[in-house]
Amino acid sequence: RGPLMIACLTPSWVMRRKESVVVINDTTLRRQLSVDFEFADVTEAVATTSDGKAVHCVPLLLLRKAPAAFTGFDFFDEGGRSLPLPLRVENAKVSAATLERLAVRVLSASPKGSTRPSPELTRQLRDVALEPDGDLAEDLLEKISDPTERDPDGLDKRILWADEDFRWLAESLAASSIVVVPISDLGGSRRIVKLSYDETLSVARRDWTIGRFRRLRRLRQRVLESVGWRGYVLYVASPFIGGRTYHFELSAPEGMIITDGLLVDAETVQHEIGPRSRVHFYVRDAESKRQVLSVFQFRIRAGGFVAGAWVTTMIIAVALTACWHWADHLTATSNSAPAALLLFPGIVAAYVGRVGDHPLTGRLLANARRLLFLAGALAYIGAGRLAVISKE
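It is the contact of helix H5 (residues 154-162) with helix H6 (residues 164-175), at a shortest axis distance of 5 Å, that shows an interaxial angle of 95°. Between H5 and H6, the interaxial angle falls into the category roughly perpendicular. Note on element contacts: H6 touches H5 through Glu164, Phe166, Arg167, Ala170 and Glu171, opposite Leu160, Trp161 and Ala162.

What follows is the structure, given as structure tokens:
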């Protein structure tokens, strides 16, 4: 437990951590994590394989407590060999033991308070890490972060919460679990492991709107976004980026571009201004950063559907305005105005019904297509009205 705790808090053994995010469709994104590390002598062996190779438990990452939001796990080493990924329950037990061990170290080093947590405080610490629901775990953490005056463990809790390492680990393990992977024959060479999984987009796009009238502002943002008047905002939380360096890459879906990209940690903000199709962030000395939040804003790429829809709508508007202005003259003479107007609904129907867009792009353009279809319908109604009046 002790070496694992030290490895989590001081991840200098990780040479490089690289994360790539790809938006698959309008409901799912694919996260790919690569960890390049040298873990020899950091932890003792926990088992031995049948051929005599030592098995070490390597704490690779933190995974948020949202099991229903993560699917499609693929875990491989540098040779493409599949590696076992522990169950969520096993990771939670390791997380609880690590938090308990850190509490013992903090209290034993303090001249005040107890030398180790009481059984009740130990239970509360383990409950925070073992609770599978992140929101409930944060509620349990409040009993430790904000003890009452009558709490017999109040002094110990205040000592623990004053320690920066403990506070970070406790808050992290309330929302996430340590993923510890057994790897045999670490030796003295560097190793690379790669983990890929799908994440529900609605979870990744957590709405961070706060303050008064936040519901109205959220509704306004969604309405503007649905008609393409506001960029599509994506939040990507990385609970743990510990390592000597950290790389983050994200590519815009087909038919969209990135207008802004931010990578925010506790001290700095990296800003990439678009438009661009791909964003890359680089963090040096990432072991001191621990966690980051990446924020991206997409918009529909200029040209394509947007340009064509704008031109088609303007032509329809000009044609309808001209027919309305010269309605008396058109109805008094025999002409092909109704037939000309009937061309627009066919053009619009073919344009709106075309396929091939990225699913997310198609979803964002759904309301724009409906408005364009309405414009075509107005031309159809105008043609019909002219035809009826001409016969009267």
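So, next bit.
Together, Asp133, Asp135, Glu138, Asp139, Glu142, Asp146 and Glu171 make up a negatively charged patch on the protein surface. In terms of residues, the negative patch owes the most to one element, helix H4 (residues 134-145), which gives 4 residues. You can see Asp133 is positioned in the loop between helix H3 (119-130) and H4. Since its relative accessible area comes to 34%, Asp133 is described here as partly exposed.

This part covers the sheet that holds strand S10 (residues 256-264). Here 4 strands make up an open sheet; going across it, the order is S8-S13-S10-S11 and the pairing antiparallel. Of all strands in the sheet, those with a lone pairing partner are strand S8 (232-238) and strand S11 (269-276), marking the two edges. Along the sheet, successive strands turn relative to each other by an average axial angle of 15°, direction set aside. Of the strand pairs in this sheet, S10 and strand S13 (residues 292-300) are connected by 8 bridges, and their pairing is antiparallel. What sits directly across from Ile257, in S13, is Arg299.

Relative to the helices and strands, Arg30 resides in strand S2 (residues 28-37). Looking at Arg30, the relative accessible area reads 15%, which means it is buried. A distance of 2.8 Å separates a polar atom in the side chain of Arg30 from a polar atom in the side chain of Asp198. Setting aside its immediate chain neighbours within four residues, Arg30 contacts Ser20, Val21, Val22, Ile24, Thr71, Gly72, Asp74, Ser196, Tyr197 and Asp198.

Its 12 residues place the ends of H6 17 Å apart at the C-alpha level, agreeing with the 16 Å of an ideal helix rising 1.5 Å per residue. Of all the residues in H6, the buried ones are Phe166, Trp168, Leu169, Ala170, Ser172, Leu173 and Ala174. One side-chain oxygen of the residue at the start of H6 lies 3.2 Å from the amide nitrogen of Asp165, identifying that residue as Asp163.

On to the sheet that holds strand S7 (residues 191-200). Strands sit in the order S5-S7-S2-S1-S9-S12 across an open sheet of 6 strands; the sheet is mixed. Edge strands, defined here as strands with exactly one partner in the open sheet, are strand S5 (70-77) and strand S12 (278-284). Averaged over all pairs of adjacent strands, the angle between their axes in this sheet comes to 10°, without regard to strand direction. Bridging between S2 and S7 involves 10 bridges; their strand directions are antiparallel. Each bridged residue has a counterpart across the sheet, and for Phe37 the counterpart in S7 is Arg191.

Parameters at a glance
Residues numbered from 1 in each chain as written. Predicted model: local features only at pLDDT ≥ 70, side-chain atom pairs only at ≥ 80, totals over all residues. Heavy atoms only, no water. Axes fitted to C-alpha atoms, helices over the stretch in contact; angles between N-to-C directions. Helix = DSSP H or I, 4+ residues; strand = E, 2+ residues; numbered from the N terminus. Parallel < 35°, antiparallel > 145°, perpendicular 65-115°, else oblique. Contact = heavy atoms within 4.5 Å. Patch = residues over 30% accessible without salt bridge, like charges linked within 9 Å, V, L, I, M, F, W, Y side chains within 5 Å. Areas by Shrake-Rupley, 256 points an atom, 1.4 Å probe, with all protein chains shown as cover. Salt bridge = Lys/Arg side-chain N within 4 Å of Asp/Glu carboxyl O. Lys, Arg positive; Asp, Glu negative; His and termini not counted. Charge placed at Lys NZ, Arg CZ, Asp CG, Glu CD. Buried < 20%, exposed > 50% of the residue type's maximum accessible area, 1.4 Å probe, protein only. Pairing = 2+ DSSP bridges. Polar contact = N/O pair within 3.5 Å; in protein donor to acceptor, adjacent residues only side chain to side chain. Expected span 1.5 Å × (residues − 1).

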